Amino acid sequence: MGTLLQVLIMILIGVILLYFGFTLFFAVPGGIPMPVFRRKNRRLKPKGESFPGAPRTCPVCSAKLEKGERVKSSAFPSLGGYDRLMHISGCCYCLEGDRRRVCPVCGAVLREEEFLVARLFEKPVRSHVHVLGCSRCKMKRL
C-alpha cells in the first residue's frame, strides 16, 4: 500500500511539472503570456513618425502618409516572374525637402537624384514592396 501511494504521488508531481514546463515554453489560449524570449521584437513608435515598412509609410523618410498621399515610384515590367523591379523616389514631404531622405538598408542620406531600389510583389488582395537598398549601396553590391 505504501509503494502504491508513493507511485501516485510521483505521477502527480510529474504531471504538475509537465504542466508548468509546457506553460513556460508555449502560450496557452487561457491567457498565460508567452515567455519574453519567444515574443517578437516590438519597437516603440517614435512620436510623429511611423515604423519603416508599416502600411501608409514612406520607405524613404518614414513619414506617416494620410489617405490619398502617394509615394512617387516607377515599376518596371516583369520578366516572367511574380515580382517586378521598382525605383522609389519618395513622398511629397521628402521630395520637397521637409524631411531627410535616408536609405533604410545602409543609412546613407540620399541626394535629390538618388532613389531606392525595391522589388514589388503583386498579389490579388494587396501588393508588397521589399526595399533592397539605395542606388548607391545596391550598385556597390553588384
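Further up the page is the structure itself.
1. Topic: the pairing of strand β2 (residues 83-90)
- In this sheet, β2 lies alongside strand β1 (residues 72-75) in antiparallel orientation, the contact comprising four bridges. The residue bridging S73 from the neighbouring strand is I88, located in β2.
- Judged from the six bridges that link them, β2 and strand β3 (residues 116-121) form a sheet pairing that is antiparallel. When the sheet's bridge partners are listed, L85 is paired in β3 with R119.

2. Here we look at the environment of P104
- Position of P104 relative to the elements: it lies in the loop between α2 (92-95) and β3.
- Take P104: its relative accessible area is 45%, and that puts it in the partly exposed class.
- With 44 residues separating them in the primary sequence, P104 and V60 have C-alpha atoms 7.1 Å apart.
- Ignoring sequence-local partners within four residues, the contact set of P104 consists of P59, L116 and V131.

3. Here we look at the layout of surface pockets
- Estimated volume of the largest pocket: approximately 990 Å³.
- Those elements that provide at least two residues to the lining of the largest pocket are β2 and β4 (128-134).
- In terms of residues, the lining of the largest pocket owes the most to one element, β4, which gives four residues.
- Of the residues contributing to the lining of the largest pocket, the split by class is 13 nonpolar, seven polar and six charged.

4. Some details on the nonpolar core
- Ranked by internal contacts, the top residues of the largest apolar core, which has 16 residues, are V60, C91 and L116.
- A per-element tally of this core places β3 first, with three residues.
- Once residues within four sequence positions are removed from consideration, L116 is found in contact with P59, V60, M86, H87, I88, C103, P104, L110, V131, G133 and C134.

5. Looking at a positive patch on the surface
- Taken together, the side chains of R56, K64, K67 and R70 define a basic patch exposed on the protein surface.
- Locating R56 in the fold gives a position in the loop between α1 (2-25) and β1.

6. Describing unusual backbone geometry
- Of note in this structure, S62 is not a glycine but carries a positive phi near 60°.
- Mapped onto the fold, S62 is located in the loop between α1 and β1.

7. Here we look at the sheet that holds β3
- Taken in spatial order, the four strands line up as β1-β2-β3-β4 in an open sheet, and their pairing is antiparallel. Two strands bound the open sheet, and with one partner strand each, they are β1 and β4. In this sheet, adjacent strand axes meet at a mean angle of 30° when their direction is disregarded.

8. What to know about the environment of K123
- Note that K123 resides in the loop between β3 and β4.
- Expressed as a C-alpha distance, the spacing of K123 and D83, which sit 40 residues apart in the sequence, is 9.7 Å.

9. Some points on the state of the cysteines
- Going through the model one piece at a time under the given rule, you end up with zero disulfides.
- The thiol of C58 is not disulfide-bonded; the next cysteine sulfur, from C91, is found 3.6 Å away.
- Given a relative accessible area of 0%, C58 falls into the buried group.
- In this structure C137 is not part of a disulfide, and its nearest cysteine sulfur, from C134, lies 3.6 Å away.
- Residue class for C137 comes out buried when judged on its relative accessible area of 10%.

Cut-offs and rules
Residues numbered from 1 in each chain as written. Predicted model: local features only at pLDDT ≥ 70, side-chain atom pairs only at ≥ 80, totals over all residues. Heavy atoms only, no water. Pairing = 2+ DSSP bridges. Helix = DSSP H or I, 4+ residues; strand = E, 2+ residues; numbered from the N terminus. Buried < 20%, exposed > 50% of the residue type's maximum accessible area, 1.4 Å probe, protein only. Contact = heavy atoms within 4.5 Å. 1 Å grid on protein atoms, 1.4 Å probe; cavity = no way out; pocket = protein on both sides within 12 Å on 5 of 7 lines; lining within 4 Å. Points joined across faces, edges and corners; volume = space filled by probe spheres on them. Nonpolar A, V, L, I, M, F, W, Y, C, P; charged D, E, K, R; others polar. Core = buried A, V, L, I, M, F, W, Y, C linked by side-chain atoms within 4.5 Å. Patch = residues over 30% accessible without salt bridge, like charges linked within 9 Å, V, L, I, M, F, W, Y side chains within 5 Å. Areas by Shrake-Rupley, 256 points an atom, 1.4 Å probe, with all protein chains shown as cover. Salt bridge = Lys/Arg side-chain N within 4 Å of Asp/Glu carboxyl O. Lys, Arg positive; Asp, Glu negative; His and termini not counted. Charge placed at Lys NZ, Arg CZ, Asp CG, Glu CD. Axes fitted to C-alpha atoms, helices over the stretch in contact; angles between N-to-C directions. Disulfide = S-S within 2.5 Å.

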